[in-house]
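Chain by chain, the residues:
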Amino acid sequence: GAGVSQSPSNKVTEKGKDVELRCDPISGHTALYWYRQSLGQGLEFLIYFQGNSAPDKSGLPSDRFSAERTGGSVSTLTIQRTQQEDSAVYLCASSYTGGREKLFFGSGTQLSVL
Amino acid sequence: AQSVTQPDIHITVSEGASLELRCNYSYGATPYLFWYVQSPGQGLQLLLKYFSGDTLVQGIKGFEAEFKRSQSSFNLRKPSVHWSDAAEYFCAVGALDSSYKLIFGSGTRLLVRP
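Residues numbered from 1 in each chain as written. Chains lettered and ligands numbered in written order. Predicted model: local features only at pLDDT ≥ 70, side-chain atom pairs only at ≥ 80, totals over all residues. Heavy atoms only, no water.

A separate point is the overall build of chain A. If you tally the helices and strands in chain A, you get zero helices and eleven strands. Overall, chain A shows an N-to-C arrangement of helices and strands of β-β-β-β-β-β-β-β-β-β-β. The C-alpha radius of gyration of chain A comes to 13 Å, within 12% of the 13 Å expected for a compact globule of 114 residues. Considered along the principal axes of its C-alpha atoms, chain A spans approximately 35 × 25 × 25 Å. For chain A, buried positions account for 47% of its 114 residues. Within chain A, residue pairs in contact and separated by at least 24 positions form 55% of the contacts whose partners lie at least 6 positions apart. Carbon together with sulfur atoms contributes 45% to the accessible area of chain A, which is approximately 5200 Å² in total. When the 11 positive and 11 negative side-chain charges of chain A are each reduced to one mean point, those points stand 1 Å apart. (Helix = DSSP H or I, 4+ residues; strand = E, 2+ residues; numbered from the N terminus. Rg over C-alpha atoms; globule rule 2.2 N^0.38 Å. Buried < 20%, exposed > 50% of the residue type's maximum accessible area, 1.4 Å probe, protein only. Contact = heavy atoms within 4.5 Å. Areas by Shrake-Rupley, 256 points an atom, 1.4 Å probe, with all protein chains shown as cover. Lys, Arg positive; Asp, Glu negative; His and termini not counted. Charge placed at Lys NZ, Arg CZ, Asp CG, Glu CD.)

The next thing to look at is the pairing of strand 8 (residues 75–79) of chain A. Put simply, side chains in a regular strand alternate between the two faces of the sheet. Residue and element names in this part refer to chain A. Burial runs high along strand 8: four of the five residues are buried. Where strand 3 (residues 19–24) meets strand 8, five bridges bridge the pair, whose relative direction is antiparallel. Across the sheet, residue Val-19 finds its bridge partner in strand 8, namely Ile-79. Alignment of strand 7 (residues 65–69) against strand 8, held across five bridges, turns out to be antiparallel. Bridge pairing in strand 8 places Ser-66 opposite Thr-78. (Pairing = 2+ DSSP bridges.)

This is the structure we're talking about:
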C-alpha cells in the first residue's frame, strides 16, 4: 500500500477483555516494529519483526502481550485480559530492511480500557 | 540506561519567528540521532537524522539540527516557522544494544501563534 495502515484507529474495551490490533506495512518492507505511546511519554519499543520472525520481543510489557506476523506482511498485536494501564496509542512502523533506516509509521490505534 | 530528554513539553512561537527545540541524550559516544514529527491524526515522519560527518544536518520542511558532542545535544532549528509546523516533535537515539531499536524522548508540542 501507499503507507502503513493500522486498524482500528480507535478501540474502547472493558477491563479483562482481549483486543487485537492490526498493522499492514508498506509492501516490500521486511522490517516491522510496534511501539507504544502513553500519555505524556515518548514512544516505547515493544517488538521487532524481520520477515515473519520476531528476534526481539524484549519490549513486550508482560505475557498478556503477543504479536505475530504472517506472509511477511500483516502483523497483529494481541493484548489479553486488558488492564487500564494498557491504555495508550499503539504505533506500528515498517522499514525496507531494518537497521538504522527511516521508519514509516502508521497513524496508530488509540486503545482505551475502561 | 540510555535516555533522551526533551526538556520543553510545550513551546509556543509566532508564525515567522525562529524555532529551537532542545534534545539531550545520555550516551557519550557518537550516537545515531533522529528527529521525527507527528502531526495530528498522522503517523510520525522523519525530519532528519545524524549518523556521522558534518555535525549540521539538513532535513525536510526547512528544518536543520546540530550535533554537539560536548553538550550531548541534538537541537532542532528552523529560521521561520509556518502555521503548518504545529505538531509534536520527537527526538530519538539508536539503542546501543540493537541496530534497529530507537529510544524516544517524551516529545515537544509546538504551538504556532498567527
